[in-house]
Amino acid sequence: MSWHVLGAGSLGSLWACRLFRADVQVQLVLRDPRRLTAYRQASGLTLVEQGHSHLYPIPASDLQDSAPIERLLLACKAYDAAEAIAAVAHRLTPAAEVVLLQNGLGSQDEVAQQLPGRRCLPASSTEGAFRDGDWRVVFAGQGHTWIGDPCGAAAPAWLQELERSQIPHTWSADILARLWRKLAFNCAINPLTVLHGCRNGELVRYHEQVDALCTELAELLIGCGQVEAAQKLHSEVWRVIEATAANYSSMYQDVAAGRRTEISYLLGYACAAGERALLQLPQLKALHQRLQEHLDGHGLPRY
Ligand code: NAP
């Protein structure tokens with residue numbers, strides 16, 4: 001059974017290269033014939049690890065291909081997920097499984113709604129990768145990926161292939177709690193680093209703002225039924241800030257590079273969930289508005 005990787009960006013390429021070099025069957029699904037031609041000209045994907053680069057001639061097709069898909073890794077951004085899955089939904093076999101690598105919350109439901117009866121497995125990853133050129137990916141940060149089934153079914157047998165490919169992972173019995181907690185960290189840290197134009201560690205100067213956000217985020221988690229994910233949120237957020245003090249957050253990096261952010265699936269999702277739960281979250285709402293204005297000012301989408 002072959003893996004299809006839709007989205008040969010940073011994380012998708014990182015997964016595809018590791019699967020391929022472990023002799024696991026994998027192929028890329030690229031956007032269109034023009035991208036496929038460009039890929040073929042590059043002869044494959046290049047993975048840069050600890051300063052060494054290696055070219056992997058991974059097979060590829062484009063969205064117009066009609067071959068059935070049994071196992072899909074959806075590796076695009078959250079805001080592209082619904083459209084990307086719509087383009088391949090008809091190719092998924094009835095027993096197909098789809099692993100969702102998107103950060104934040106919201107896109108997983110958008111995808112699952114289009115795939116009734118198919119197994120959708122959200123993932124949450126702390127690995128770090130970026131593209132330093134077309135068809136080139138730099139493995140920038142060792143990390144871990146949690147995968148789980150919100151419906152609670154058993155772990156799939158193909159996790160062994162991830163083991164063989166040395167993709168560090170754990171099957172998570174409560175993947176939604178993990179995604180919620182990561183979303184809360186993200187909402188407490190990333191928008192402020194954008195608005196203050198600073199590294200994560202510099203948020204110590206805005207201690208009160210971070211603490212006020214943590215209080216509302218804990219309220220939100222509890223209000224949305226994620227009581228465990230709300231435990232020790234303040235102290236964990238400060239631990240993450242300390243551990244990543246020298247880093248620029250992913251949202252900071254996106255804005256600095258003029259790239260669209262995933263705001264709607266992070267802070268936007270948090271605010272909408274708070275409204276649905278009839279919670280008063282003035283700090284989060286004000287932060288969302290300020291962030292949207294900031295994005296407007298930089299000519300970037302506010303959603
Ligand atoms: P990325 O580098 O921007 O890659 C996304 C890829 O998806 C691009 O190659 C894009 O193609 C492709 N794509 C989008 N729509 C498509 C479509 N309809 N058909 C085919 N391909 C399509 O993004 P990323 O950094 O890998 O992030 C993916 C997700 O993982 C995000 O939710 C992110 O937050 C999360 N994540 C990333 C990291 C990381 O270190 N990068 C870490 C943890 C979590 P084009 O190149 O043609 O535009």
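About the thresholds
Residue numbering note: each chain is counted from 1, following its sequence as written. pLDDT decides what is reported in this predicted model: residues at 70 or higher carry local features, side-chain atom pairs at 80 or more are listed and counted, and totals for whole chains, interfaces and linings draw on all residues regardless. Note that the side-chain values use all heavy atoms of the structure and ignore hydrogens as well as water. UniProt positions are given in the numbering used here, feature names are shortened, and annotations may be inferred rather than shown by experiment. Per the convention used, a helix needs a DSSP run of H or I reaching at least four residues, while a strand needs a run of E reaching at least two, with both numbered from the N terminus. Aromatic pairing here means that ring centres of Phe, Tyr or Trp (its six-membered ring) are within 6.5 Å. Orientation follows from the plane angle: under 30 degrees is stacked, over 60 is edge-to-face, and everything else is tilted. Burial classification: accessible surface area is computed with a 1.4 Å probe over protein chains only, and a residue below 20% of its type maximum counts as buried, one above 50% as exposed, and the rest as partly exposed. Only when the NZ atom of a Lys or the CZ atom of an Arg is both within 6 Å of the ring centre and within 35 degrees of the ring normal do we say a charge sits over the ring. Salt bridges are identified by distance alone: a Lys or Arg side-chain nitrogen within 4 Å of an Asp or Glu carboxyl oxygen. Neighbouring residues are identified by heavy atoms, a residue being near a molecule or strand if any of them is within 4 Å of it. Two N or O atoms count as a polar contact when they lie within 3.5 Å, although within protein this holds only if one can serve as hydrogen donor and the other as acceptor, and sequence-adjacent residues are included solely when both atoms are side-chain atoms. Each accessible area value is a Shrake-Rupley result obtained with a 1.4 Å probe; residue values ignore everything except the protein chains displayed when judging cover. Note on residue classes: Ala, Val, Leu, Ile, Met, Phe, Trp, Tyr, Cys and Pro are nonpolar, Asp, Glu, Lys and Arg are charged, and everything else, Gly too, is polar. A pair of strands counts as paired when DSSP detects no fewer than two bridges linking them. A fitted line through C-alpha atoms represents every axis, and for helices the fit uses only the stretch in contact; the resulting angles, taken between N-to-C directions, go from 0 to 180 degrees. We call a pair of cysteine sulfur atoms a disulfide whenever their separation is within 2.5 Å.

**Q** Any chance you could explain the UniProt feature "domain: Ketopantoate reductase C-terminal" (unreviewed entry) in the protein here in plain terms?
**A** UniProt's feature table lists "domain: Ketopantoate reductase C-terminal" (unreviewed entry) at residues 174-292, given in the numbering used throughout. Its end C-alpha atoms 31 Å apart, residues 174-292 is made of 66% helix and 0% strand.

**Q** Looking at this structure, I do not really get the packing of aromatic side chains. What am I missing?
**A** We describe a pair of aromatic rings using the distance from one ring centre to the other and the angle between the two ring planes. Tallied over the entire structure, the rule returns six aromatic pairs. Pairing tryptophan 3 with tryptophan 158 gives two aromatic rings, centres 5.1 Å apart and planes at 80°, and the pair type is edge-to-face. Here the residue tryptophan 3 occupies a position in strand 1 (residues 3-6), and tryptophan 158 occupies one in the loop between strand 11 (145-148) and helix 5 (159-164), the gap between them amounting to 155 residues. The class of tryptophan 3 is buried, set by a relative accessible area of 0%. Between arginine 260 and the ring centre of tyrosine 79, over which it is positioned, the NZ or CZ distance is 4.0 Å. Over the face of the ring belonging to tyrosine 269 we find arginine 276, whose NZ or CZ atom lies 5.8 Å from the ring centre.

**Q** Just checking my understanding: could you explain the pattern of salt bridges for this structure?
**A** Two side chains bearing opposite charge may form a pair once their charged atoms approach each other closely. Summed over the entire model, instances satisfying the criterion amount to 13 salt bridges. Residues arginine 259 and aspartate 254 are paired through a salt bridge, measuring 2.9 Å at the closest nitrogen-oxygen approach. On the basis of relative accessible area, arginine 259 is assigned to the partly exposed category, the value being 39%. Under the relative-accessibility criterion, aspartate 254 is labelled buried at 10%. Measuring nitrogen to oxygen at the nearest pair gives 2.6 Å for the salt bridge that ties aspartate 296 to arginine 302. For arginine 302, a relative accessible area of 33% translates into the label partly exposed. Look at the salt bridges and you will find they share partners, linking Glu97, Arg119 and Asp149 into a network.

**Q** How should I be thinking about the site of the ligand in this particular structure?
**A** The full set close to the ligand counts 24 residues, and Ser10, Leu11, Asn103, Ala129 and Glu262 are the nearest of them. In this structure, an oxygen atom belonging to the ligand sits 3.4 Å away from a main-chain N or O atom of leucine 101. Within the backbone of alanine 129, one N or O atom sits 2.9 Å away from an oxygen atom of the ligand. When the ligand sits alone it has 890 Å² of accessible area, and the protein chains cover 84% of it. Across the shell around the ligand, the residue classes break down as 10 nonpolar, seven polar and seven charged.

**Q** What's the story with the sheet that holds strand 5 (residues 60-62) in this structure? I'm lost.
**A** The strands that make up a sheet pair up through hydrogen bonds in the backbone, lying either parallel or antiparallel. Read from one edge of the open sheet, eight strands run 5-2-1-6-7-8-11-12, paired in mixed fashion. The open sheet has two edge strands, strand 5 and strand 12 (169-172), and neither has a second partner. Recorded for the sheet is a direction-independent mean angle of 25° between the axes of neighbouring strands. Where strand 2 (residues 26-30) lies against strand 5, three bridges are found, and the strand directions are parallel. Among the inter-strand pairings, leucine 28 is bridged to a residue of strand 5, identified as alanine 60.

**Q** Just checking my understanding: could you explain the pairing of strand 8 (residues 119-125) for this structure?
**A** Moving residue by residue along a regular strand, the side chains alternate between the two faces of the sheet. Here strand 8 lies mainly inside the structure; seven of its seven residues are buried. Pairing of strand 7 (residues 92-100) with strand 8, which is carried by four bridges, proceeds in the parallel orientation. Bridged to glutamate 97 within strand 8 is arginine 119. The sheet contact formed by strand 8 and strand 11 spans three bridges and is antiparallel. Bridge pairing in strand 11 places alanine 123 opposite isoleucine 147.

**Q** Before we go on, may I ask you to explain the state of the cysteines in this structure?
**A** A covalent bond bridging the sulfur atoms of two cysteines is what the word disulfide describes. Scanning all chains against the criterion turns up zero disulfides. With no disulfide of its own, cysteine 76 lies 13 Å from the sulfur of cysteine 120, the closest cysteine sulfur.

**Q** Can you help me understand the sheet that holds strand 4 (residues 52-56) in this one?
**A** Taken together, the four strands give an open sheet; going across it, the order is 4-3-10-9, and neighbouring strands pair in mixed fashion. Because the sheet does not close on itself, it has two edges, and the strands there are strand 4 and strand 9 (128-133). Put simply, the sheet's adjacent strands are angled 25° from each other on average, direction ignored. In this sheet, strand 4 lies alongside strand 3 (residues 45-49) in antiparallel orientation, the contact comprising five bridges.

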